[in-house]
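Take a look at the letters that make up each chain.
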Amino acid sequence: MVKKGKKEKKVKGAEKTAAKMEKKVSKRSKREEEDLEALIAEFQALDSKKTQVVETACPPPSPRLNASLSVHPEKDELILFGGEYFNGQKTFLYSDLFFYNIKKNSWTKADVPNPPPRRCAHQAVVVSQAGGQLWVFGGEFASPDGEQFYHYKDLWVLHLATKTWEQIKATGGPSGRSGHRMVACKRQLVVFGGFHESTRDYVYYNDVYTFNLDTFTWARIAPSGTAPSPRSGCQMTTTPEGGIIIYGGYSKVKVKKDVDKGSNHTDMFLLKNEGKEGKDKWAWSRMNSAGVRPTPRSGFSLAVGPNNRTVLFGGVYDEEDDESLEGDFYNDMYFYDMGKNRWFTGQLKGPKTEKKKRRREKKAEEEGAGGEPGVETEALQEPVEIVKEIVGEDGTVMTIKQVISPPSAQGGVSDLESEEEEEGSEAGGAEVAMVEPCPRSNAMTTVKHGVLYVYGGMFEVGDRLFTLNDLYSVDLHKMDEWKVLVEMDPKTQEWLEESDSEGSSDESDEGATGGDDEEDESDDSEEESEEGEENDHPPVKPGEEYGDYLSRTEQYWVKVSRANMGPEAKEKKVVKVARAMAKVLYDGLV
């Protein structure tokens, strides 16, 4: 009993400390937010001039990160809303709304009257009621110089049937925040965590709020058990039984004046409503999952796939010391099976070629004959049998080994390897260097009909930030190959150094009015300069595959990467960034 009392006192003490910090941050940020409110009001005044819905076919949205990508509940469409972009001098925030037609691989921009203010790092959830609704809560707005922040606590709903925005004004909701997570659980929206930041202070949250979709009321819940520590950017998914899983996330603490230390969380928790029908009784419990967990990281993206599996994509691991911060970006996938409470790594099998199909057909015929040749062929084709068994056994959508790599054996294995090498040549080297998204963090992901879609995000090279607007997809049932739906356009990779700011102050002021996508363009002379820089890079030869291009130009890109990252950067990281840079240029030129 004594120990329990001490524990309770510690918990209450931590809550008081968090409350004091929140009050402190709120007081300091109030003045900043008042300044930004005027700018937000100006943007809202411009948006209020729209009187009717106008839908226009358009090119892919401009590069961005921390937007929301959702699936339409009734149509084969994806919905992209908001986001941010930084070009080295200015921060742009968006409130634009795009619809991606999956079958036509085309984009439509919807100008809807009275949208939510420009924002990023918000949360969006789709529910199927009333023809489909997109619910949006929170997020942040930043001043053009990126030094001041306004954190929203508003709740909006987009009625998809009529394409109309509506602000839901309900009291008792979460405080202003960004980086939080929100899911739909039965007839409620559930919000967890996030952070609030001012110029000098910040606070992370681990509180939980619910919004009733029938009564339109907020409620703060106080689950029993040990809650996750305060964090932002975690995984939050609902289980088939109605529970909510929290995994990972990021937070930071001050270790001394002007020095912060970040933490990448790797723990898992289950939030469950144990109350009987009509009454809520929420409880936290810690989870111990099996399998291969993701390596520590932040900025990863999450989507719910088929067979009660979630898929985690990409992210970044920051290596911090007192003087520098270096990030290692990822483009890998991990799957979490909610039924088995187990993690799996995701790896592509590679596309099937016609030769493989014919060889498998021949093998089946020989096995049917029951002769000795069939036994030999079976031994040679053993890797293919293993992969089939994994896919058929429990519907898994990932494999640890590459299917195309047969084991060492006697007889005709070397012949089989040479055949597959020939296949790779005939297929254009697809198996040697398969297409895949470059490593990135803060991308937008969602799943429709068992297909994972990955849009945009960012990665860094030295002090430069590359913001992406490419779109990839992969069939989670087949896990054969990534498909490029929208290629990266190198011309969108604008980066202005600080030394350029004096000569472009007027342009900077114009950009501060909200960054209206492609309308904010550089001067002709600057475009010519960028084209000149682009032409200095090794060109892609006609018909050249990425693997061949990388082999031919890798040393060049390593030198460029080293020049950007500095002499202290680790060689492994320099090479990884070099390949990412080569991939961006290759995708944009092919």
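Attention here is on the structure that accompanies the text. If you're wondering where the values come from, they're calculated on a predicted model, not measured in any experiment. (Residues numbered from 1 in each chain as written. Predicted model: local features only at pLDDT ≥ 70, side-chain atom pairs only at ≥ 80, totals over all residues. Heavy atoms only, no water.)

1. Focus on the pattern of salt bridges
Here is step 1: For the structure on display, the rule yields 13 salt bridges.
Here is step 2: Between Arg64 and Asp96 there is a salt bridge, and its shortest N-O distance comes to 2.8 Å. Separated by 32 residues along the polypeptide, Arg64 in the loop between strand 1 (54-58) and strand 2 (68-71) and Asp96 in the loop between strand 5 (91-93) and strand 6 (97-101) bring together distant segments of the chain. Both residues of the pair, Arg64 and Asp96, belong to the buried class.
Here is step 3: Where Lys254 meets Asp260, a salt bridge forms, and the shortest distance between an N and an O atom there is 3.5 Å. (Salt bridge = Lys/Arg side-chain N within 4 Å of Asp/Glu carboxyl O. Helix = DSSP H or I, 4+ residues; strand = E, 2+ residues; numbered from the N terminus. Buried < 20%, exposed > 50% of the residue type's maximum accessible area, 1.4 Å probe, protein only.)

2. Some details on the sheet that holds strand 20 (residues 259-273)
Here is step 1: The 4 strands are arranged 18-19-20-21 in an open sheet whose pairing can be described as antiparallel. The open sheet has two edge strands, strand 18 (235-238) and strand 21 (282-287), and neither has a second partner. Each strand of the sheet is rotated relative to its neighbour by a mean of 35°, with strand direction disregarded.
Here is step 2: Where strand 20 lies against strand 21, 6 bridges are found, and the strand directions are antiparallel. Within strand 21, the position partnered with Leu270 by the bridge is Ser285. (Pairing = 2+ DSSP bridges. Axes fitted to C-alpha atoms, helices over the stretch in contact; angles between N-to-C directions.)

3. What about the pairing of strand 29 (residues 464-475)?
Within a regular strand, side chains alternate between the sheet's two faces.
Here is step 1: Counting buried residues along strand 29, 10 of its 12 residues qualify, which places the element largely inside the surrounding structure.
Here is step 2: Looking at chain direction, strand 28 (residues 451-461) and strand 29 are connected through 10 bridges and run antiparallel. The residue of strand 29 that forms the bridge with Tyr455 is Leu471.
Here is step 3: Taken together, strand 28 and the strand that follows it, strand 29, pair antiparallel across an intervening segment of 2 residues, in which Gly462 is found at a positive phi of about 65°.

4. Structural notes on unusual backbone geometry
Here is step 1: One non-glycine residue, Asn114, lies in positive phi territory at about 50°.
Here is step 2: For Asn114, the location among the structural elements is in the loop between strand 7 (106-111) and strand 8 (123-127).
Here is step 3: A relative accessible area of 44% means that Asn114 is categorised as partly exposed.
Here is step 4: One non-glycine residue, Met479, adopts positive backbone phi at about 50°.
Here is step 5: Position of Met479 among the secondary structure elements: in the loop between strand 29 and strand 30 (482-486).

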